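Architecture at a glance
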Amino acid sequence: MTGRLIALEGGEAVGKSTQARLLAARLDALLTFEPGDTGLGGQIRSLVLTATGRPLSHRAEALLMAADRAQHVAEVIRPALDAGTHVVTDRFIGSSLAYQGFGRGLGAQEVLAVSLFATGGLDCDLAVLLDAGEGAPWPHQASPGDRIEAEAAEFHRRVRDGYRALAAQNPGQWAVVDGSGSVGEVAEAVYAAVRERLDV
């Protein structure tokens, strides 16, 4: 039996990492993340997220994220799924579609084609979008932690709107969960959405 792949998606500071960890523990699944959960991925993460002052073209950013994903699938995700283990990942293809497709304006279909090439056609069985609502579309912190977080508010609005558009366009693959509740409340909603959609 092949394992199922579940991705936690959403903008900055919505609690994806916490909810991915809680869901993986509840499902006895492998917990992983993007970008950076391989040796090569760690180097790519540094290239993409470190604010060095050197410009990184939008297409280069998209291709670097795809390269991270290719290695991630080959080294971590595919072996686990083939062994029958469920996988919960903090970000997957949906992040590239929202951030590079919508946020950077490269086009969701173009970015999807690159991402599916990178994964050999593998996509998640379910993407759970944590939506914190209109009140928190981008991180609220004085010193953003990386180059993406430091983008202008309008960029983060495009990302948020892109996520919502993706979920609306493909309700069979996406579940939207209100991320504004307590950690426990959101965790229960995430688990309920997963159990409703997948046999896990």
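If you're wondering where the values come from, they're calculated on a predicted model, not measured in any experiment.

Along the backbone of the chain there are seven helices and five strands. Listing the helices and strands of the chain from first to last along the sequence gives β-α-β-α-α-β-α-α-β-α-β-α. For 200 residues, the compact-globule estimate of 2.2 N^0.38 gives 16 Å, and the C-alpha radius of gyration of the chain, at 16 Å, lies within 12% of that figure. By principal-axis analysis of the C-alpha atoms, the chain measures approximately 45 × 35 × 30 Å. Looking at the chain residue by residue over its 200 residues, the buried ones come to 48%. Contacts spanning at least 24 positions in sequence make up 76% of the contacts within the chain whose residues lie at least 6 apart. About 9,300 Å² of surface is accessible on the chain, with carbon and sulfur atoms providing 53% of the total. A gap of 3 Å separates the mean positions of the 18 positive and 25 negative side-chain charges of the chain.

Core analysis: the biggest nonpolar cluster contains 30 residues, and Leu5, Ile77, Phe92, Tyr99, Tyr163 and Trp174 have the highest contact counts within it. Setting aside residues no more than four positions away along its own chain, Ile77 makes contact with Leu5, Thr32, His72, Val87, Phe92 and Leu122. Judged by nonpolar contacts, the second largest core, of 20 residues, contains Val14, Leu126, Val128 and Ala175.

Take the sheet that holds strand S1 (residues 5–9) next. Strand order in the open sheet made by the five strands is S2-S3-S1-S4-S5, with parallel pairing throughout. Pairing within the sheet leaves two strands with one partner each, and these edge strands are strand S2 (30–33) and strand S5 (174–178). For this sheet, the mean angle separating the axes of adjacent strands, direction not counted, is 20°. When S1 meets strand S3 (residues 87–90), the two strands line up parallel, connected through four bridges. Within S3, the residue paired with Ala7 across the bridge is Thr89. Across the face of the sheet, helix H7 (residues 183–197) comes into contact with S1, strand S4 (126–131) and S5 while running at roughly 160° to S5.

Scoring rules and cut-offs
Residues numbered from 1 in each chain as written. Predicted model: local features only at pLDDT ≥ 70, side-chain atom pairs only at ≥ 80, totals over all residues. Heavy atoms only, no water. Helix = DSSP H or I, 4+ residues; strand = E, 2+ residues; numbered from the N terminus. Rg over C-alpha atoms; globule rule 2.2 N^0.38 Å. Buried < 20%, exposed > 50% of the residue type's maximum accessible area, 1.4 Å probe, protein only. Contact = heavy atoms within 4.5 Å. Areas by Shrake-Rupley, 256 points an atom, 1.4 Å probe, with all protein chains shown as cover. Lys, Arg positive; Asp, Glu negative; His and termini not counted. Charge placed at Lys NZ, Arg CZ, Asp CG, Glu CD. Core = buried A, V, L, I, M, F, W, Y, C linked by side-chain atoms within 4.5 Å. Pairing = 2+ DSSP bridges. Axes fitted to C-alpha atoms, helices over the stretch in contact; angles between N-to-C directions.

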